[in-house]
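# Close look at the chain arrangement
Take a look at the letters that make up each chain.
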Amino acid sequence: MLARRITTILPPLTDAESLSVTKIYSVAGLLKKRGNLLRERPFRAPHHTTSDAALIGGGRMPRPGEVTLSHNGVLFLDEFPEFAKNVIEVLRQPLEDGDVTISRVNATMTYPAQFMLVAAMNPCACGYRGDEKIACRCTDADIKKYERRISGPLLDRIDISVEVPRLEYDDFVADKTNETSAQIRSRVINARAIQTERLKNYGIACNALMRHNHIKSLCKMSKNATEILKLAYENMRLSARAYDRIIKTARTIADLENEEIINESHIAEAIQLRPKKYIE
């Protein structure tokens, strides 16, 4: 449910993004089912039995796969560890480069693939690790085997990891007012406008697309924030990729709070949101 709500809080497609998504669906032969110009961000959720060719694209004449059909939208992979290892690993290129190249004897095609990856998994094979009421049946070896299904290099490309605990009955029936998607979306749109203005001279529109040189010139941090990041880098043995991604996440948190300078709370939150492999 949370994954399907993400497209409702993202900014609307710009004209350029809408045209790009429409072209992709036209090439894939899916446009007739959706009308003319597509105005909603794509949401794709392939089953865990899908093949690497279906995910990345393929065929005798290369056709777009799920990563391209998710361009400017969301790719949701439920039961993430249940996907075949070779299927998961092919995500590395599009996550890093924002496109995917498919080579065949007859042709070589490069398709855009700038998408938000959202993946969900159980805490362990039985699903009860950390549960306060039901005992986990997995051994330590079982847990490690389950976690190793997601490789370190792929985890390194994931910015945010959140544990979602079991909801109690009272949480379901409680009559309390929460923020609507429209309210959250207004904050996201405001933060995206700040990013677009900051990045307009670089040909990109959001923090996720920044490269290292952009980060060095555009992501100003307070002295305390710099010191916290230095400690994290040294003690947690972060990769250069993780270092950049923490700053980009912190920059986005600051934008959501309308803060010009990245401070220690922004950096600390971004570090805390990294996958567990990097905070244990």
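Residues numbered from 1 in each chain as written. Predicted model: local features only at pLDDT ≥ 70, side-chain atom pairs only at ≥ 80, totals over all residues. Heavy atoms only, no water.

Side chains Val74 and Phe76 project from strand β4 (residues 74–77) onto one buried face, and the interleaved Leu75 and Leu77 project onto a second face that is buried too. Note: β4 against strand β7 (residues 116–119), 4 bridges, orientation parallel. Pairing of Val74 across the sheet is with Met116, part of β7. (Buried < 20%, exposed > 50% of the residue type's maximum accessible area, 1.4 Å probe, protein only. Helix = DSSP H or I, 4+ residues; strand = E, 2+ residues; numbered from the N terminus. Pairing = 2+ DSSP bridges.)

Where helix α10 (residues 181–199) contacts helix α13 (residues 240–256), the two axes come as close as 8 Å, and the packing angle between them is 120°. With respect to the hand of their crossing, α10 and α13 are arranged in right-handed fashion. The segment α10 lies against α13, with Arg187, Val188, Ala191, Ile194, Gln195 and Arg198 engaging Arg251, Thr252, Asp255 and Leu256. Residues that form the contact of α10 with α13 fall into these classes: 4 nonpolar, 2 polar and 4 charged. (Axes fitted to C-alpha atoms, helices over the stretch in contact; angles between N-to-C directions. Left-handed = near helix turned anticlockwise from the far one by under 90°. Contact = heavy atoms within 4.5 Å. Nonpolar A, V, L, I, M, F, W, Y, C, P; charged D, E, K, R; others polar.)

What follows deals with α13. For an α-helix the count is 3.6 residues per turn, leaving residues at separations of three or four pointing the same way. Between its first and last C-alpha atoms α13 spans 25 Å; for 17 residues at 1.5 Å apiece the expected length is 24 Å, and the two agree. Of all the 17 residues making up α13, 12 are buried; the element is thus mostly covered by neighbouring parts of the structure. Of all the residues in α13, the buried ones are Ala242, Asp244, Arg245, Ile246, Ile247, Lys248, Thr249, Ala250, Arg251, Ile253, Ala254 and Asp255. On its buried side, α13 packs onto α6 (92–97), α10, α11 (212–218), α12 (223–235) and α14 (264–272). Phi turns positive, to about 60°, at Asn258, one or two residues after α13. (Expected span 1.5 Å × (residues − 1).)

The next thing to look at is helix α2 (residues 15–27). Over its 13 residues, α2 extends 19 Å from the first C-alpha to the last, a length consistent with the 18 Å expected when each residue adds 1.5 Å. Buried residues of α2: Glu17, Ser18, Val21, Thr22, Ile24 and Tyr25, and no others. Projected down its long axis, α2 carries its buried residues within an arc of 160°, all on one side. α2 presents Asp15, Ala16 and Lys23 as exposed residues on the side facing more than 90 degrees away from its buried surface. Just beyond α2, the residue with positive phi is Gly29, at close to 75°. (Arc of directions from axis to C-beta.)

With that settled, consider the sheet that holds β7. One open sheet holds the 3 strands; their spatial order is β1-β4-β7, and the pairing between them is parallel. With one partner strand each, in any of the chains shown, β1 (43–44) and β7 form the two edges of the open sheet.

Right, let's talk about the packing of aromatic side chains for a bit. Under the defined criterion, the tally for this structure stands at 2 aromatic pairs. Taken together, a centroid distance of 5.7 Å and an interplanar angle of 85° make the contact between Tyr233 and Tyr243 edge-to-face. With Tyr233 in helix α12 and Tyr243 in helix α13, this residue pair connects regions lying 10 residues apart in the sequence. Given a relative accessible area of 37%, Tyr233 falls into the partly exposed group. Tyr243 sits in the partly exposed class, given a relative accessible area of 28%. (Phe/Tyr/Trp six-rings, centres within 6.5 Å; stacked < 30°, edge-to-face > 60°.)

Okay, the pattern of salt bridges next. Here the structure, examined in full by the defined rule, presents 18 salt bridges. A salt bridge links Glu96 to Arg157; its shortest N-O distance comes to 3.3 Å. Note that Glu96 is positioned in helix α6 and Arg157 in the loop between α8 (152–155) and α9 (169–173), a separation of 61 residues in sequence. Judged by its relative accessible area of 27%, Glu96 falls in the partly exposed class. What makes Arg157 buried here is its relative accessible area of 12%. Between Arg274 and Asp156 there is a salt bridge; the shortest N-O distance is 3.4 Å. Placement of Arg274 in the segment after α14 and of Asp156 in the loop between α8 and α9 is noted, with a sequence separation of 118 residues between them. Accessibility classification places Arg274 together with Asp156 in one group, the buried group. (Salt bridge = Lys/Arg side-chain N within 4 Å of Asp/Glu carboxyl O.)

Take it as geometry only, folks, not as evidence of what the structure does.
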